[in-house]
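# Working through the structure, step by step
What follows is the residue order along each chain.
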Amino acid sequence: VSAAIYLAGWHRLGQRHSGHLVLPSWRPWCFMGGLTTVWAALLSPIGVYSELFFFMHMIQHLMLVLVAAPLMLLGAPLLPVLWAFPREARVELGRLFAPGPVQLVFGALTQPLVAVTVYCATLAIWHVPPFYDAAQGRTAVHDLEHALFLGTALLFWWPAIHPAGGRRRLSYSAGILYFLPPMLVGSLIGALLTFAERPLYATYQLVPRVWGISVVQDQQLAGLIMWVPGGLIFIVPVFVFLALLSRESPKGEGAAGECLAKGGESIDSGSHMQIPKGR
């Protein structure tokens, strides 16, 4: 359904502007890649074996928070989704983004400090043994866990990817530091799992042990996956921010300062979405 809505809006935008691309052509590929990652994490054999192996469950979670969430936001979904609906519905949906309670709450949640705190807290809390064990199996609590992981990951990546355009809340220099807290939290949890000498979760002591992997070995492998690959993924956006920061020339910064001095608004050209005029 999400894919159909996105593609319908993309098609309508193209028709409205006589085939002119309002968004770069790579963005739909990113959004579909994010949806495909969600499918692979939850509905492929990874989702099946996650009930038997801790390390598979860890792969599932990392796919949701470190791959699916940023890819979906890189797809800049707000504009295509809005334009998938008839004009009357677009007007009503557009009012949600007008100044008001919804904008106030969402604006607060996507503040960088709030977003990174909520994300790190969610990651840590769900790895506390009682909460983790309560979320196993095909239960509503398990679905809630996945929804919170994906939802807080979208909030976390929002200030960094900046999918809605306009004025950036997170500068390139601050963005480099932005990824340090989740990297440290993930590495700490991964290290605790890797070096634990006994099983920490009752869930994997009760399921059948297959493939010759013991409970402790399974837990250590899950910890290593969270510690090493889970931490290395954050290096990618850090390098991107470094590259973007290096492209900012003193001349460009002076022009931005002059614009602000005249009462203008500094717009990040790399992430700004051109909103179509008229309907």
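Scroll up to find the structure this text is about.
First, a word on what this report is: a plain description of the structure on this page. Positions within a chain are numbered from 1, following the residues in the order the chain's sequence is written. For a predicted model such as this one, the threshold for reporting local features is a pLDDT of at least 70, and the threshold for listing and counting side-chain atom pairs is 80 or more; totals across whole chains, interfaces and linings nevertheless cover every residue. Hydrogens are left out, water is left out, and the side-chain values use all remaining heavy atoms of the structure.

## Regarding the overall build of the protein
- From N to C terminus, the protein includes 17 helices and 0 strands.
- Here the protein, with 279 residues, has 40% of them falling under the buried criterion.
- In this description, contact between two residues means that some pair of their heavy atoms is separated by no more than 4.5 Å. Pairs at least 24 apart in sequence give 75% of the contacts found in the protein among residues at least 6 apart.
- Split by element, the accessible area of the protein, about 14,900 Å² in all, is 70% carbon and sulfur. Where helices and strands are cited, they refer to DSSP runs of H or I of at least four residues and of E of at least two residues respectively, numbered from the N terminus. We call a residue buried when its accessible area falls under 20% of the maximum for its residue type, exposed when it is over 50%, and partly exposed in between, using a 1.4 Å probe and counting protein chains only. Note on areas: these come from Shrake-Rupley sampling with a 1.4 Å probe, and a residue is covered only by the protein chains present in the view.

## Some words on the packing of helix α2 (residues 26-43) against helix α4 (residues 54-74)
- Under this scheme, a helix contributes an axis fitted over its contacting stretch, all axes are lines through C-alpha atoms, and angles between N-to-C directions fall in the 0 to 180 degree range. Two numbers describe how α2 lies on α4: the axes approach to 7 Å, and their chain directions differ by 160 degrees. Taken together, the axes of α2 and α4 are roughly antiparallel relative to one another. α4 is crossed by α2, and the crossing has left-handed handedness. Seen from α2, the contacting residues are Trp26, Arg27, Cys30, Phe31, Gly33, Gly34, Leu35, Thr37, Val38, Ala40, Ala41 and Leu42; seen from α4, they are Gln60, Met63, Leu64, Val67, Ala68, Leu71, Met72, Leu73 and Leu74.
- Looking at the contact of α2 with α4 residue by residue, the class counts come to 16 nonpolar, 4 polar and 1 charged. Note on angle classes: values under 35 degrees are labelled roughly parallel, values over 145 roughly antiparallel, values of 65 to 115 roughly perpendicular, and the remainder oblique. For any helix crossing, the convention is left-handed if the near helix is rotated counterclockwise from the far helix by under a right angle, and right-handed if that rotation is clockwise. Under the convention adopted here, Pro, Cys and the residues Ala, Val, Leu, Ile, Met, Phe, Trp and Tyr are nonpolar, Asp, Glu, Lys and Arg are charged, and Gly plus all remaining residues are polar.

## Considering the packing of aromatic side chains
- Planes of paired rings set the category: under 30 degrees apart is stacked, over 60 is edge-to-face and the rest tilted, where pairs are Phe, Tyr or Trp rings (Trp by its six-membered ring) whose centres lie within 6.5 Å. Summed over all chains, the structure comprises 24 aromatic pairs.
- Relative to Trp211, the ring of Tyr49 has its centre 5.0 Å away and its plane inclined at 40 degrees; by these criteria the two rings are tilted. With a gap of 162 residues between them, Tyr49 in helix α3 (residues 45-49) and Trp211 in the loop between α13 (203-206) and α14 (215-227) connect regions that are remote in the sequence.
- By relative accessible area, which is 30% here, Tyr49 ends up partly exposed.
- A ring pair is formed by Tyr178 and Phe179, whose centres lie 5.6 Å apart and whose planes are at 80 degrees; its orientation type is edge-to-face.
- Assessed through its relative accessible area of 6%, Tyr178 is described here as buried.
- Linked through ring pairs, Tyr119, Phe156, Trp157, Tyr172, Tyr178, Phe179, Phe234 and Phe241 together constitute an aromatic cluster.
- Only when the NZ of Lys or the CZ of Arg is both within 6 Å of the ring centre and within 35 degrees of the ring normal is a charge said to sit over the ring. In this structure, Arg90 is placed above the aromatic ring of Trp83, and the distance from its NZ or CZ to the ring centre is 4.3 Å.

## Topic: the nonpolar core
- Membership of the largest hydrophobic core comes to 52 residues, with the highest contact counts inside it found for Phe54, Met58, Tyr119, Phe156, Trp157, Tyr178 and Phe179.
- Elements supplying a minimum of two residues to this core: α2, α4, α8 (112-125), α10 (140-161), α11 (172-178), α12 (180-195), α14 and α16 (235-247).
- No other element matches the 13 residues that α4 contributes to this core.
- Once you skip the residues sitting within four places of it in the chain, Trp157 turns out to touch Val65, Leu66, Ala69, Pro70, Leu73, His162, Phe179, Phe234 and Pro237. Here, nonpolar core refers to any group of buried Ala, Val, Leu, Ile, Met, Phe, Trp, Tyr and Cys residues whose side-chain atoms link them within 4.5 Å.

## Digging into α2
- Expected helix span is given by 1.5 Å per residue-to-residue step, counting one fewer step than there are residues. When the terminal C-alpha atoms of α2 are compared, their 25 Å separation across 18 residues agrees well with the 26 Å that a helix rising 1.5 Å per residue should span.
- Turning to α2, its buried residues are Arg27, Pro28, Cys30, Phe31, Gly34, Thr37, Val38, Ala40 and Ala41.

## Notes on α12
- Along its 16 residues, α12 runs 22 Å from first to last C-alpha, staying within 8% of the 22 Å computed at 1.5 Å per residue.
- Along α12, the residues that are buried comprise Pro182, Gly186, Ser187, Ile189, Gly190, Ala191, Leu193 and Thr194.
- Taken together, the buried residues of α12 touch α4, α8, α10, α11 and α14.

## Overview of a nonpolar patch on the surface
- Patch members must show over 30% relative accessible area and no salt bridge, and they are joined within 9 Å when carrying like charges or within 5 Å when they are nonpolar side chains of Val, Leu, Ile, Met, Phe, Trp or Tyr. Definition used for salt bridges: Asp or Glu carboxyl oxygen within 4 Å of a side-chain nitrogen of Lys or Arg. Taken together, the side chains of Phe195, Leu224, Trp227, Val228, Leu232, Ile235, Phe239 and Leu242 define a hydrophobic patch exposed on the protein surface, amounting to about 740 Å² of accessible area.
- Elements that contribute at least two residues to the nonpolar patch include exactly α14 and α16.
- Among the elements that take part in the nonpolar patch, α16 stands out by supplying 3 residues, more than any other.
- Tracing the chain through its elements places Ile235 in helix α16.

## Observations regarding the environment of Phe131
- Locating Phe131 in the fold gives a position in helix α9 (residues 129-134).
- Phe131 gets classed as partly exposed once you look at its relative accessible area, which sits at 44%.
- In sequence terms Phe131 and Glu145 are 14 residues apart; their C-alpha atoms lie 9.3 Å from each other.
- The residues touching Phe131, leaving out its near neighbours within four places in the chain, are Ile125 and Trp126.

## Here we look at the side chain of Ser50
- Mapped onto the fold, Ser50 is located in the loop between α3 and α4.
- For Ser50, a relative accessible area of 2% corresponds to the buried category.
- One polar contact links the side chain of Ser50 to the main-chain carbonyl oxygen of Gly47, over a distance of 2.7 Å.
- Sequence-distant contacts of Ser50, that is, excluding residues within four places in its chain, are made with Met56, His57, Gln60 and Tyr204. In protein, a polar contact requires one atom able to donate a hydrogen and another able to accept it; more generally it is a pair of N or O atoms within 3.5 Å, and residues adjacent in sequence count only if both atoms are side-chain atoms.

That is the geometry; function is a separate question.
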